[in-house]
Amino acid sequence: MSKRARTSHGRALAAHAILLIYTVIALFPVFVIVINSMKSRREIFRHPLSLPGPGSFDLVGFQTVLQQGNFPLYFWNSLVVTVVSLAFILLFGAMAAFALSEYRFRGNTLMGLYLALGIMIPIRLGTVAILKLMVAAGLTNTLFALILVYTAQGIPLAVFILSEFMKTVSDDLKNAGRIDGLSEYRIFFTLVLPLVRPAMATVAVFSMIPIWNDLWFPLILAPAESVKTVTLGAQMFLGQFVTNWNAVLASLTLAIVPVLVLYLVFSRQLIRGITSGAVK
Amino acid sequence: MAQDRKPVRWHVGVFLAPAVIVYTAIMIVPLFATLDLSLYEVRDKVAAFVGLGNFAKLFGDPNWSGQFWNALWNNTWFFVVNMAVQNPIGIGLAALLSSNRLRFAAAYRTAIFVPTILSFVIVGFVWKLILSPLWGIAPDLLKSVGLRHWFAPWLGDPHTALTTIALISVWQFIGIPMMLIYAALLSIPEEVIEAAEMDGITGMSQFWRIKLPLILPSIGIISILTFVGNFNAFDLIYVAQGALAGPDFSTDILGTFLYRTFFGFQLQLGDPNMGATIATVMFAIILVGVCVYLFGIQRRLRRYQF
């Protein structure tokens, strides 16, 4: 018995050791960038792994970034694109999911399959024609072009996840609403939507990361300075200042920190979303 | 449903319309328009139908085929490395995380998922800096374990650059297989595990003989996600190695090749029709992968589900 307890103890210790090593591998690069962004140029090269101290602390990188880059504008653009796209994805996705899960009509299954197609086929493959379309519509270099693309990209997964959840909303509740004379729209907005809020949050977190991080569509549809997103802006800035290590490290830190904070706030939602089997 | 002659239910259409219209107009129509564009060629500013001529050019014309086969081969290797390194490590980490009463499991999980939320721009640059021979973090680290002589400018050497990039991609996305497999392991019913323990199957053999067969459907999902993601990749290589996918095109994959062809780069002029042709080939590759998964793998796995 005691031998068995000891081996299970040893096994737990080994598990911790492996997980700890991998945690270091996952976090080390981020850590190195953040600590060095706050050091003087000489210290960055002489002692790259030491923490910023009294002799080495220097914020010159951040000063350069704030003077030379347009980062507040880029952040604003990214925020607008991400928030508006998410609002459309959630609203349109939930409406379509409700139609598919609530009503029986001819072509229901086919419509579901049609919308699900976009989960597996990346929208990027249509880029050549999307650019033509945006040029024809006069939407190049507008945030609206990005919003449209990300909405189209996000809808399939949103419909898929939300319709699974809407099937679980009790029929009695909806029928009670109907007997009370509520219209189908009121039933959707006042009875069903509040009940699927957790699923909406999951969809929001899942859709948010690829939109915020995308480089391809901003590069192709909206490369102008006034509509640059933070991902594209950081990429351009890094390309120009490639030899100014302070500025590069500082801009990387500025790009990492907001995402990291958001992630830590939403990580429980994200992990619960994945582990509850929302994505299968 | 007793009443068959219901009035037209307009609300069904109203609920469906916004999603279907945006999705169709911005995704489906351009996708097919792109497939269509691949059948034309612009001569003297007029589009002329050339049938499969562009594909013949892409596969056989010496001006194109060298770059194309190089990109396809590199893309395949990129996928093989991701598949062979990312998914086994992800499964291993998930197995450790899900083991009984492990403390700090939530903290490990959160930390290991961090790279996945970072943008490619950050990931590409961070690794470029760390692996840079100028800065010396990588050489110093290797020196501290007595392996200084192992260091080489991996991203700058055509023989190692692609594998290095693929491993960076593994580092970035390991959180996805880890999370999905972790979820699958948690959903295995308690009774199954207890029954195995009654029969004396514990630890490693329990994982190999009981749990692994049960999570095969999830392994199928992470495989197809890796496949689609890899054959659609672009950002990481663009950020770390530039649009020319250097050194000497050794990290060029279909995504970067598509970008250069479509937009042109330096001396080469952009060619939307050839761009569409490459996009069509990528579409075909992804479609074949998805079909193999849906009809070949997923169907066969279904019998393991509860």
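Cut-offs used in this document
Residues numbered from 1 in each chain as written. Chains lettered and ligands numbered in written order. Predicted model: local features only at pLDDT ≥ 70, side-chain atom pairs only at ≥ 80, totals over all residues. Heavy atoms only, no water. Helix = DSSP H or I, 4+ residues; strand = E, 2+ residues; numbered from the N terminus. Rg over C-alpha atoms; globule rule 2.2 N^0.38 Å. Buried < 20%, exposed > 50% of the residue type's maximum accessible area, 1.4 Å probe, protein only. Contact = heavy atoms within 4.5 Å. Areas by Shrake-Rupley, 256 points an atom, 1.4 Å probe, with all protein chains shown as cover. Lys, Arg positive; Asp, Glu negative; His and termini not counted. Charge placed at Lys NZ, Arg CZ, Asp CG, Glu CD. Buried area = accessible area lost by both parts, 1.4 Å probe. Salt bridge = Lys/Arg side-chain N within 4 Å of Asp/Glu carboxyl O. Polar contact = N/O pair within 3.5 Å; in protein donor to acceptor, adjacent residues only side chain to side chain. Nonpolar A, V, L, I, M, F, W, Y, C, P; charged D, E, K, R; others polar. Domains from an automatic or database assignment. Axes fitted to C-alpha atoms, helices over the stretch in contact; angles between N-to-C directions. Left-handed = near helix turned anticlockwise from the far one by under 90°. Patch = residues over 30% accessible without salt bridge, like charges linked within 9 Å, V, L, I, M, F, W, Y side chains within 5 Å. Arc of directions from axis to C-beta.

Caption draft 1: Structural detail: the overall build of chain B. Along its length, chain B carries 14 helices and 4 strands. Its C-alpha atoms give chain B a radius of gyration of 24 Å, clearly above 19 Å, the size a compact globule of 306 residues would have. Referenced to the eigenvectors of the C-alpha coordinate spread, the extents of chain B come out at roughly 80 × 75 × 30 Å. Counting across all 306 residues of chain B, residues that qualify as buried make up 54%. If you take every contact in chain B between residues at least 6 apart in sequence, the share linking residues at least 24 apart comes to 65%. As presented, chain B carries roughly 14,500 Å² of accessible surface, and 66% of it is formed by carbon and sulfur atoms. Side chains of chain B give 19 positive and 16 negative charges; the mean places of these two sets differ by 6 Å.

Caption draft 2: Molecular detail of the interface of chain B and chain A. In this complex, chain B contributes 86 residues to the contact, which on the side of chain A involves 89 residues. Taken over both partners, the interface formed by chain B and chain A buries close to 8,000 Å², and the fraction arising from carbon and sulfur atoms is 82%. Joining chain B to chain A, the criterion identifies 1 salt bridge. Between B:Asp235 and A:Arg124 there is a salt bridge; the shortest N-O distance is 2.9 Å. For the interface between chain B and chain A, the tally reads 14 residue pairs in polar contact (both at pLDDT 80 or more). With 21 residues, the single largest contributor to the side of chain B that touches chain A is helix α1 (residues 10-37) of chain B. Taken together, the residues that form the side of chain B that touches chain A break down as 69 nonpolar, 12 polar and 5 charged.

Caption draft 3: Geometry of the domain arrangement of chain B. All names here are of chain B. Once the domains are mapped, chain B shows domain 1 (10-49) and domain 2 (53-304). Distance between the C-alpha centres of domain 1 and domain 2: 30 Å. Contacts between the two partners involve 9 residues from domain 1 and, on the opposite side, 9 residues from domain 2. Summed over both partners, the interface of domain 1 with domain 2 comes to about 740 Å²; 60% of that surface belongs to carbon and sulfur atoms. Area buried by domain 1 at its contact with domain 2 is led by Leu 35, Leu 37 and Ser 38, which between them contribute 52% of it. A salt bridge links Glu 41 to Lys 57; the shortest N-O distance between them is 3.6 Å. Summed over the shared surface of domain 1 and domain 2, the number is 4 residue pairs in polar contact (both at pLDDT 80 or more). Elements represented by at least two residues in the side of domain 1 that touches domain 2 include exactly α1 and β1 (40-43). Broken down by element, the residue count for the side of domain 1 that touches domain 2 peaks at 4 residues, all from α1. When the residues that make up the side of domain 1 that touches domain 2 are grouped by side-chain class, the tally is 6 nonpolar, 2 polar and 1 charged.

Caption draft 4: View of the packing of helix α3 (residues 62-97) of chain B against helix α11 (residues 216-230) of chain B. Residues and elements named next belong to chain B. Here α3 crosses α11 at 145 degrees, and the two axes come no closer than 10 Å. When the axes of α3 and α11 are compared, the crossing they make is right-handed. Here Asn 75, Phe 78, Phe 79, Asn 82, Met 83, Gln 86, Asn 87 and Ile 91 of α3 lie close against α11, whose contacting residues are Ile 219, Ile 222, Ser 223, Thr 226, Phe 227 and Asn 230. When its residues are assigned to classes, the contact of α3 with α11 shows 7 nonpolar, 7 polar and no charged.

Caption draft 5: View of a nonpolar patch on the surface. A contiguous nonpolar surface patch, about 630 Å² in accessible area, is contributed by A:Leu91, A:Tyr185, A:Phe189, B:Val8, B:Trp10 and B:Val14. Mapped by element, the contributors of at least two residues to the nonpolar patch are α9 (184-195) of chain A together with α1 of chain B. If you trace the backbone, B:Trp10 turns up in helix α1.

Caption draft 6: Geometry of the pattern of salt bridges. All names here are of chain A. Per the counting criterion, the structure on display carries 11 salt bridges over all chains. The shortest N-O distance in the salt bridge between Lys 167 and Glu 164 comes to 3.8 Å. Accessibility expressed as a relative area gives 43% for Glu 164, which makes it partly exposed. A single network of salt bridges, built from pairs that share partners, joins Glu 102, Asp 171, Lys 174, Arg 178 and Glu 184.

Caption draft 7: Examining the side chain of B:Thr256 more closely. On the secondary structure map, B:Thr256 appears in helix α13 (residues 254-263). Among all residues touching B:Thr256, those that are not within four sequence positions of it are B:Phe234, B:Ile237, B:Tyr238 and B:Ala245.

Caption draft 8: Structural detail: helix α3 (residues 60-68) of chain A. All names here are of chain A. Within the sequence span of α3, burial applies to Gly 61, Phe 62, Thr 64 and Val 65. One side of α3 holds all its buried residues, which, seen down the axis, span an arc of 160 degrees. Residues of α3 that are exposed and point more than 90 degrees away from the buried face comprise Leu 66 and Gln 67.

Caption draft 9: Representation of a negative patch on the surface. Taken together, the side chains of B:Glu190, B:Glu191, B:Glu194 and B:Glu197 define an acidic patch exposed on the protein surface. Position of B:Glu190 among the secondary structure elements: in helix α9 (residues 190-198).

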